[in-house]
Amino acid sequence: YNKTVYDASVLMTKKGVGCVVVTTKGKPFGIVTERDIVKGISKIDISVKKILLKEFASRPLIYASSRQTVEDVVELMTKNKIHKLPIVQQEKVVGIVTIKDLLVFLSPTRKPGLTESIIHAITRERAKKK
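K.L.:
Before we go on, may I ask you to explain a nonpolar patch on the surface in this structure?
P.N.:
There is a patch of nonpolar side chains on the surface, built from Ile 41, Ile 44 and Ile 46 and spanning about 240 Å² of accessible area. For Ile 44, the location among the structural elements is in the loop between α2 (34-41) and α3 (53-56). When its relative accessible area of 35% is taken as the criterion, Ile 44 is described as partly exposed.

K.L.:
Explain the pairing of strand β1 (residues 19-24) to me, please; I cannot follow it from the model alone.
P.N.:
Regular strands place side chains that alternate from one sheet face to the opposite one. Bridge analysis of β1 against strand β2 (residues 27-33) gives six bridges, and the strand direction is antiparallel. Paired with Val 21 across the strands is Ile 31, a residue of β2. The turn linking β1 back onto β2 is made up of two residues, and Lys 25 within it adopts a positive phi angle of 55°.

K.L.:
What exactly am I supposed to notice about the pattern of salt bridges here?
P.N.:
Pairing is possible between side chains of opposite charge, provided their charged atoms come close. Overall, the coordinates contain one salt bridge when judged by the stated rule. Among the salt bridges present, the one from Glu 91 reaches Lys 27, with a minimum N-O distance of 3.2 Å. You can see Glu 91 sitting in the loop between β4 (84-89) and β5 (92-98) and its partner Lys 27 sitting in strand β2, a full 64 residues away along the chain. On the accessibility criterion, Glu 91 (47% relative accessible area) is partly exposed.

K.L.:
For this particular structure, what's the right way to read the environment of Ala 8?
P.N.:
Here Ala 8 is to be found in helix α1 (residues 5-15). Separated by 44 residues in sequence, Ala 8 and Leu 52 place their C-alpha atoms 9.8 Å apart.

K.L.:
Just checking my understanding: could you explain the packing of aromatic side chains for this structure?
P.N.:
Pairs of aromatic rings are described using the distance from one ring centre to the other and the angle between the two planes. Throughout the structure, instances matching the rule amount to one aromatic pair. The interplanar angle of 85° and the centroid separation of 4.9 Å between the aromatic rings of Tyr 1 and Phe 29 together place this pair among those described as edge-to-face. With Tyr 1 in the segment before α1 and Phe 29 in strand β2, this pair connects stretches of sequence that are 28 residues apart. On the basis of relative accessibility, which here comes to 30%, the residue Tyr 1 falls in the partly exposed class. When the ring centre of Tyr 6 is taken as reference, the NZ or CZ atom of Lys 49 above it lies at 4.7 Å.

K.L.:
Looking at this structure, how should I read the sheet that holds β5?
P.N.:
An order of β3-β4-β5 is seen for the three strands of this open sheet, with the pairing classed as mixed. Either end of the sheet is taken by a strand with one partner, and the two such strands are β3 (64-65) and β5. Where β4 and β5 come together, six bridges link them in antiparallel fashion. Looking at β5, one finds that Leu 85 is bridged to Val 97.

Basis of the calculations
Residues numbered from 1 in each chain as written. Predicted model: local features only at pLDDT ≥ 70, side-chain atom pairs only at ≥ 80, totals over all residues. Heavy atoms only, no water. Patch = residues over 30% accessible without salt bridge, like charges linked within 9 Å, V, L, I, M, F, W, Y side chains within 5 Å. Areas by Shrake-Rupley, 256 points an atom, 1.4 Å probe, with all protein chains shown as cover. Salt bridge = Lys/Arg side-chain N within 4 Å of Asp/Glu carboxyl O. Helix = DSSP H or I, 4+ residues; strand = E, 2+ residues; numbered from the N terminus. Buried < 20%, exposed > 50% of the residue type's maximum accessible area, 1.4 Å probe, protein only. Pairing = 2+ DSSP bridges. Phe/Tyr/Trp six-rings, centres within 6.5 Å; stacked < 30°, edge-to-face > 60°. Lys NZ or Arg CZ within 6 Å of the ring centre and 35° of its normal.

Take a look at the structure:
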């Protein structure tokens, strides 16, 4: 929460991940993704070493409960046009589901036709943005 965008980018690089969940007092507050950083720094004229995550993070944090189904997660991600969804249990982040995770889980060998539907929905949403 009180760390900088630079700190988040260093952590993402060190851990080999594409996002970090920003917390305050141990509770989820928002999220910062690689894409947020790239898009954000192109719009501002301030060093990433000076921008605090509490000001930069995407919020409110959209998340799923650890009790929700894969179908619920797909619906949340599609509805909110997000590619990474934190999973929260008792106000603590216990994991993150990504589009890639869903595509692997819902591969044609497991759920025929569902992967293509998800890819189509994601592609359609991206086309609308352009």
